[in-house]
Amino acid sequence: MAAVSESPLTGRQLEVLELIAKGLTNAEIAGVLGIAAATAKNHVSAVLQALEVTNRTEAVGLLESLRVSEADEENAVPGYGQRPAIAV
């Protein structure tokens, strides 16, 4: 499996993964995103490939790790790494 220290997914792929996690089918994902069903299928395949997994269940299992990784990057303080800063 891919390391999740940096998200291997694009913004759109992350959206698709969130919808997969909600249990949506390719057709339902297409409807939500306003894209063709074939395009949704391509996005799902790209997500699985980027995460180096073989099915939706494994991909969803990595979703929380991706969320934590992105939150860590957003909260990083320049010069202090991942340590949170407190302003008084």
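Just so you know, the residues in each chain are numbered from 1, in the order the chain's sequence is written. Thresholds applied to this predicted model are a pLDDT of at least 70 for local features of residues and 80 or more for the giving and counting of side-chain atom pairs; totals over whole chains, interfaces and linings are not thresholded and use all residues. To obtain the side-chain values, all non-hydrogen atoms of the structure were included, while hydrogens and water were left out.

**Q** Any chance you could explain the overall build of the protein here in plain terms?
**A** Each helix is a run of H or I in the DSSP string that is no shorter than four residues. Each strand is a run of E no shorter than two, and both are numbered from the N terminus. The number of helices and strands found in the protein is 4 helices and 0 strands. Buried, partly exposed and exposed residues are distinguished by accessible area as a fraction of the type maximum, computed with a 1.4 Å probe on protein chains only: under 20%, between the cut-offs, and over 50%, respectively. Here the protein holds 88 residues, and the buried ones make up 27% of them. We call two residues in contact when some of their heavy atoms are within 4.5 Å. Contacts in the protein between residues far apart in sequence, at least 24 positions, make up 59% of those at least 6 positions apart.

**Q** Would you mind showing me how to read helix α2 (residues 26-33) here?
**A** Every α-helix carries 3.6 residues per turn, so stepping three or four residues along brings you back to the same face. Restricting attention to buried positions, one finds in α2 the residues I29, A30 and L33. Projection of α2 onto a plane perpendicular to its axis shows the buried side chains occupying an angular sector of 100°, all on one side. Relative to its buried face, α2 has exposed residues pointing more than 90 degrees away, namely A27, G31 and V32. To be clear, the arc concerns the directions from the helix axis to the C-beta atoms.

**Q** Got a minute to help me understand the pattern of salt bridges in this structure?
**A** A side chain with one charge may pair with a side chain of the opposite charge, provided their charged atoms come close. Salt bridges are counted wherever a side-chain nitrogen of Lys or Arg sits within 4 Å of a carboxyl oxygen of Asp or Glu. Counting across every chain of the model gives 1 salt bridge. Ionic pairing is found between R12 and E15, a salt bridge with its closest N-O pair at 3.2 Å. With R12 and E15 both in helix α1 (residues 11-21) and 3 residues apart, this pair spans about one turn of that helix. Take R12: its relative accessible area is 30%, and that puts it in the partly exposed class.

**Q** What am I meant to see in the nonpolar core here?
**A** Soluble globular proteins tend to bury their nonpolar side chains together. Only buried residues count toward a nonpolar core, which is a set of Ala, Val, Leu, Ile, Met, Phe, Trp, Tyr and Cys residues joined through side-chain atoms within 4.5 Å. L9, V16, L17, I29 and L51 are the most contacted members of the largest nonpolar core, which has 20 residues in total. For this core, the secondary structure elements donating two or more residues are α1, α2, α3 (37-51) and α4 (56-75).

**Q** Any chance you could explain the environment of G61 here in plain terms?
**A** Looking at the element boundaries, G61 is found in helix α4. A relative accessible area of 53% places G61 in the exposed class. Spatially, the C-alpha atoms of G61 and A21 are 8.8 Å apart, while their sequence positions differ by 40 residues.

**Q** Looking at this structure, how should I read the environment of L19?
**A** By secondary structure assignment, the location of L19 is in helix α1. For the pair L19 and L33, spaced 14 residues apart in sequence, the C-alpha separation works out to 9.6 Å. Among residues more than four places away in sequence, those in contact with L19 are L24, I29, V32 and L33.

**Q** For this particular structure, what's the right way to read the confidence of the model for the protein?
**A** For any part of a model where pLDDT is low, the fine detail of the predicted coordinates should not be relied upon. For every residue, the predictor assigns a confidence score, pLDDT, that lies between 0 and 100. Of the residues in the protein, 69% reach a pLDDT of 70 or more, and the chain-wide mean stands at 81. This model gives residues 1-5 a pLDDT under 50, and the stretch forms 13 contacts once residues within four places in sequence are excluded.

**Q** Looking at this structure, how should I read α3?
**A** Any helix carries an expected span of 1.5 Å times its number of residues minus one. With 15 residues, α3 should cover 21 Å at 1.5 Å per step; its first-to-last C-alpha distance of 21 Å lies within 8% of that length. For α3, the complete set of buried residues consists of A40, V44, V47, L48 and L51. Projection of α3 onto a plane perpendicular to its axis shows the buried side chains occupying an angular sector of 95°, all on one side. Summarising the geometry of α3, the exposed residues directed more than 90 degrees from the buried face are A38, N42 and Q49. With its phi angle positive at about 55°, E52 sits one or two positions after the end of α3.

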